Amino acid sequence: MAASVLDSCVDGIPEGLPDFTTDAYRSAYSRINAIVIEGEQEAHDNYMAIGTLLPDEAEPLAQLARMELRHMKGFQSCARNLSVEPDMPFAQTFFAPLHANFQAALADNRVATCLVIQALMIEAFAIAAYHIYIPVADPFARRITEAVVKDEYTHLNYGQAWLKAHFEECRDEIEVANKVNLPIIRSMLEQVADDAAVLHMGKEDLIEDFLIAYQEALADVGFTTRDLARLGAAALAG
Amino acid sequence: MFGLIGHSSSFADARVKARQLGYDAFADGDLDVWCTAPPQLVESVSITSLTGATIEGSYIDSCFVPEMLSRFKTAKRKVLNAMELAQKTGLQITALGGFTSIIFENFNLLREQQVRATTLDWSRFTTGNTHTAWVIARQVELNAPTLGIDLGKARVAVVGATGDIGSAVCRWMAESIRVAELLLVARQQGPLEELRDSLAGSSRILPLDLALAEADVVVWVASLPKTLTIDEATLRKPCLMVDGGYPKNLDSRFSHPDIHVLKGGIVEFHTDIGWQMMEAADMERPQRQLFACFAEAMLLEFEGWHTNFSWGRNNITLEAMERIGAASRRHGFQPLALSPQSTVHSLVA
């Protein structure tokens, strides 16, 4: 009925696959791929660190950490496949603010904050990015990424399960961790937007998909639907 | 559990509603912010039928606003993400309200069944168009006589005749009400000719201005171009205009006392629903009035018909309309009627 008002896309992201061989693509890929590699490395280190705070959980957390290292190697092979050198210094700078907040929480034994940063935020960020990347990835990276996505859902559930079990005592801490760290995630998404666009990944899609995954995790942990919009808004306001 | 997927009627309204709900970051955000906002389950209600049965359901705001229609990918994403949320929430039958079903149909979202890790189950969704078509048809049937219009002798124009709702209304007018003549108006000639040839009774294809000049009743089920102007002097008097399009903006175009505009596809429930969501939809009695497409999801839940009762294009049969209409009456929904002042004036005049 309203066909005349339904115009074509104006978000600047073309339909279809990008040309994986151009300099522009390879340059953007060197940063995006590095972020992914660094993200998996950070995830490994973070799960091992959380294991020191939760000695009873150390073994399953170590298993998760090993899985993250496998993912990292997979993504390193994606860069080799395209003959791209990942820009690791860029990626380390990219993660620095979140890394610092995680380390501060770790030093203070704030388990809930560590889990919010790693098991909810970083995992939701990764899942959103991987889902949006898969349809526009090169065939090699697509296979690797599809396998990783399946694993990522397992970790997210792990973090949720612990926070859910301890919801009442750590509710306030989760809210604080959300308020402090969600704007950082938002700014990370902003920083990556131009390079992501070269890979045909839209910024709007990245932010909305991240918020969907993140709010879903928060709902499972125990927040009400009214809380979710309020908590997620910390990312929108950025 | 039934579900309703809706959205605000404009960006300005959406911001006001967000402020009322205490979502200041949404209220302060610009359109780009809303384009990245995920769907929100904003309200859960329980409602009780005339039969005494009680059901529960939820309203999901897709965070879509009509200003996003020019952003193809955004509009598509809003609809699919809201549907995914409905399914993941465990809602068994969810109506696609406002622009949601229009976007679904026009962008052919049947091709987009996979949303991240969720495979959308189409049987959990309904456009609600069967109930909407039945309600519009009944609104004509019940209100035309109050203006002194004898439907057996009347010409009824249907603007948007070849659409899902329009074609169903045409069939009902031709076969159940048996109006004197149907005047068919739509953009595409091919589907119009097919429709005319499939209808029992007398019908003619006309351009809009000629159809309006001859019609005693006009059913609008197309969105109107903002630039469209209608000369009231050329219209028959009295004339019943049923505004079944979305958004409902027809009443602002007519001022003559014998042109009676009725909001089409709206029902009134027998008791207050106790929700906030219809206040944003410009209903006069937001506690009782709602879109017929939403009511269809409630009816399917009351009846335990967990199926996509209305789906695809031009699949609405008279039997399905009668069936949903009977359920509508049984559970306490009434098609919205003209206000009494409106009909008194016409009969006196």
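As the structure is a computational prediction, the values presented were derived from the model and not from experiment.

Analysis parameters
Residues numbered from 1 in each chain as written. Chains lettered and ligands numbered in written order. Predicted model: local features only at pLDDT ≥ 70, side-chain atom pairs only at ≥ 80, totals over all residues. Helix = DSSP H or I, 4+ residues; strand = E, 2+ residues; numbered from the N terminus. Buried ≥ 20, exposed ≤ 12 C-beta atoms within 10 Å, placed from the backbone. Contact = placed C-beta atoms within 7 Å. Core = buried A, V, L, I, M, F, W, Y, C linked by C-beta atoms within 7 Å. Nonpolar A, V, L, I, M, F, W, Y, C, P; charged D, E, K, R; others polar. Domains from an automatic or database assignment. Pairing = 2+ DSSP bridges. Axes fitted to C-alpha atoms, helices over the stretch in contact; angles between N-to-C directions.

K.L.:
Please explain the overall build of chain A as it appears in this structure.
P.N.:
Counting its regular elements, chain A contains 8 helices and 0 strands. Going from the N terminus to the C terminus, chain A shows its helices and strands as α-α-α-α-α-α-α-α. Principal-axis analysis of the C-alpha atoms places the extent of chain A at approximately 50 × 50 × 30 Å. Residues counted as buried form 46% of the 238 residues belonging to chain A. Contacts spanning at least 24 positions in sequence make up 78% of the contacts within chain A whose residues lie at least 6 apart.

K.L.:
Please explain the nonpolar core as it appears in this structure.
P.N.:
One broad trend across soluble globular proteins is that nonpolar side chains are buried collectively. Val156(B), Val158(B), Val169(B) and Val219(B) are the most contacted members of the largest nonpolar core, which has 184 residues in total. Of the residues forming this core, the biggest block, 18 residues, is contributed by helix α4 (residues 111-133) of chain A. In contact with Val219(B), other than residues within four places in its own chain, are Ile136(B), Val140(B), Val156(B), Val158(B), Val159(B), Val169(B), Val242(B), Gly244(B) and Gly264(B).

K.L.:
Could you clarify how one ought to interpret the interface of chain A and chain B in this entry?
P.N.:
In this assembly, 27 residues from chain A lie in contact with 29 residues from chain B. Elements with a contribution of two residues or more to the side of chain A that touches chain B: α7 (203-221) and α8 (225-236) of chain A. Element by element, the count of residues in the side of chain A that touches chain B is highest for α7(A), at 7 residues. Classifying every residue of the side of chain A that touches chain B by side-chain character gives 15 nonpolar, 6 polar and 6 charged.

K.L.:
I keep staring at the domain arrangement of chain B and nothing clicks. Help me out?
P.N.:
Note: interface size is frequently given as the accessible area lost on complex formation between the parts. Entries for chain B in the domain assignment read domain 1 (2-126) and domain 2 (133-265 + 338-348). Just the C-alpha atoms count here: the centres of domain 1 of chain B and domain 2 of chain B sit 30 Å apart.

K.L.:
How do you make sense of helix α5 (residues 99-106) of chain B when you look at a structure like this?
P.N.:
At 3.6 residues per turn, the α-helix brings residues three or four places apart onto the same side. Residues and elements named next belong to chain B. For α5, the tally of buried residues reaches 7 of 8 residues, placing the bulk of the element in the interior. Contacts from the buried residues of α5 go to β1 (2-6), α4 (72-89) and β4 (93-96). Looking at the residues trailing α5, positive phi occurs at asparagine 108, about 50 degrees.

K.L.:
Would you mind going over the sheet that holds strand β16 (residues 333-335) of chain B with me for this structure?
P.N.:
The strands making up a sheet associate through backbone hydrogen bonding, with each pair oriented either parallel or antiparallel. Residues and elements named next belong to chain B. Within the open sheet, the 3 strands sit side by side as β15-β14-β16. Their pairing is antiparallel. This sheet does not close on itself; its edge strands, each paired only once, are β15 (289-291) and β16. Each adjacent strand pair in this sheet contributes to an overall mean axis angle of 40 degrees, direction not counted. Looking at chain direction, strand β14 (residues 266-269) and β15 are connected through 3 bridges and run antiparallel. Along β15, the bridge assignment pairs valine 267 with leucine 290.

K.L.:
Would you mind showing me how to read unusual backbone geometry here?
P.N.:
Glycine aside, negative phi is the norm for most residues, and most peptide bonds take the trans geometry. Residue Pro238(B) follows Lys237(B) across a cis peptide bond; omega there is -5 degrees. Tracing the chain through its elements places Pro238(B) in the loop between β11 (217-220) and β12 (239-243). Of note in the backbone geometry, Asn109(A) takes a positive phi value of approximately 60 degrees without being a glycine. With 10 C-beta atoms counted inside 10 Å, the residue Asn109(A) sits in the exposed group. Backbone geometry at Asn108(B) places phi at a positive 50 degrees, although glycine is not the residue there. Inspection of the secondary structure assignment puts Asn108(B) in the loop between α5 and β5 (114-115). Residue Asn108(B) is classed as exposed on the basis of its C-beta count, with 9 C-beta atoms lying within 10 Å.

K.L.:
When you look at the sheet that holds strand β13 (residues 259-263) of chain B in this model, what are you seeing that I'm missing?
P.N.:
Residues and elements named next belong to chain B. One open sheet accounts for 6 strands, arranged β10-β9-β8-β11-β12-β13; its pairing is parallel. Bordering the open sheet on either side are β10 (203-205) and β13, each of which pairs with just one other strand. For this sheet, the mean angle separating the axes of adjacent strands, direction not counted, is 20 degrees. By the bridge criterion, 5 bridges tie β12 to β13 in an arrangement that is parallel.

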